[in-house]
Amino acid sequence: FCFFLGMERVICCPYKKPDALCRLICFPWAGGGTTEFAQWGELIGSSVEVSCVRLPGRESRLHEPPAKDVASIVNEIASIFLKKLQEKPFALFGHSFGSYIAFAVALHMKEKYGLEPIHLFVSGAHPPTSESVLHIQSKNMDKMKDDELFKEIQLFGGVSSQVLHNEDIKKDLINNFRDDARVFQTFSFKAETNIPFSCGITCFNGSEDIPYELEAWHGLTSGDVSFYKFPGGHFYLLEPSNLNALIKHMERCIEYA
């Protein structure tokens, strides 16, 4: 599926669409990888090419040290993907931890290069300005023992039976989650007087997930902000019917933008 040289090391794009009008770049949740996004490019229409970011320290980048902070992830994506982002419009999607990375990438692209996504899709996440972000960071999951950390991961509901019955996969998940928890500690955003974005922002959530302080997203863009709930918990998007509806909705938003 993916070739591991230069850009392909960091950006996985199984379904290349040279004639696509827009690129959708996806950012995985804590402990996640590119496999969960592999089929998205096939499910979405021909006008959108889907890529997923592969973080260091996992999958084909297992030999690399994990990222130390948000800035290093953002800088790597910017340096490798800049030319592609200048070529045609792009949208960003992130779930949970991935939402904060997507937001940080969008902010960096806007501030440093004057490039703004045509749409920002966030899922299962508080707005960056929310006190709840600081509350999650204060838990400092990075310092937890493996068993404690695995209990935290299970609370989110994204653990498959395959993980529960395979110690190697379980250990990998715990290590990757710990790496991402360490990165999340370095995430911060101070709201200035100016509104950072003008693009539309759509927030997706599961109906049985914890409540998120979503109204604060209105303060982060002069564009439209909309909210959509799907049946299910934090990992509602792993349910095929939800995923299909999610992708169709993103496709409409991108075409409208």
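This text follows the structure it describes.
Rules and cut-offs
Residues numbered from 1 in each chain as written. Predicted model: local features only at pLDDT ≥ 70, side-chain atom pairs only at ≥ 80, totals over all residues. Heavy atoms only, no water. Core = buried A, V, L, I, M, F, W, Y, C linked by side-chain atoms within 4.5 Å. Buried < 20%, exposed > 50% of the residue type's maximum accessible area, 1.4 Å probe, protein only. Helix = DSSP H or I, 4+ residues; strand = E, 2+ residues; numbered from the N terminus. Contact = heavy atoms within 4.5 Å. Pairing = 2+ DSSP bridges. Axes fitted to C-alpha atoms, helices over the stretch in contact; angles between N-to-C directions. Parallel < 35°, antiparallel > 145°, perpendicular 65-115°, else oblique. Left-handed = near helix turned anticlockwise from the far one by under 90°. Nonpolar A, V, L, I, M, F, W, Y, C, P; charged D, E, K, R; others polar.

What about the nonpolar core?
Link 1 in the chain: If you look at the biggest cluster of nonpolar residues, it comprises 56 residues, and the most contacted ones within it are Phe27, Leu92, Phe103, Phe187 and Trp217.
Link 2 in the chain: Only strand S2 (22-27), helix H3 (70-87), strand S4 (90-95), helix H4 (97-113), strand S5 (119-123), helix H6 (146-156), helix H8 (167-184) and strand S6 (200-206) provide two or more residues apiece to this core.
Link 3 in the chain: A total of 10 residues in this core trace back to one element, the largest contributor, which is H4.
Link 4 in the chain: Apart from residues lying up to four places away in sequence, Phe103 is in contact with Leu120, Pro128, Phe187, Phe189, Phe197, Trp217 and Leu220.

Considering the sheet that holds S5
Link 1 in the chain: Overall, mixed pairing links the seven strands, which are arranged S1-S3-S2-S4-S5-S6-S7 in an open sheet. The strands lining the two open edges of the sheet, one partner per strand, are strand S1 (11-12) and strand S7 (225-230).
Link 2 in the chain: Inspection of the sheet shows S2 paired to strand S3 (residues 48-53) by five bridges, in the parallel sense. Across the sheet, Leu24 pairs through a bridge with Val50, a residue of S3.

Digging into the packing of H4 against H8
Link 1 in the chain: Two elements in contact, H4 and H8, have axes separated by 11 Å at closest approach and are oriented at 45 degrees. In terms of orientation, H4 and H8 fall into the oblique class. Between H4 and H8 lies a crossing whose hand is left-handed. Residues Phe97, Tyr100 and Ile101 of H4 pack against Asp180, Val183 and Phe184 of H8.
Link 2 in the chain: When grouped by side-chain class, the residues that make up the contact of H4 with H8 number five nonpolar, no polar and one charged.

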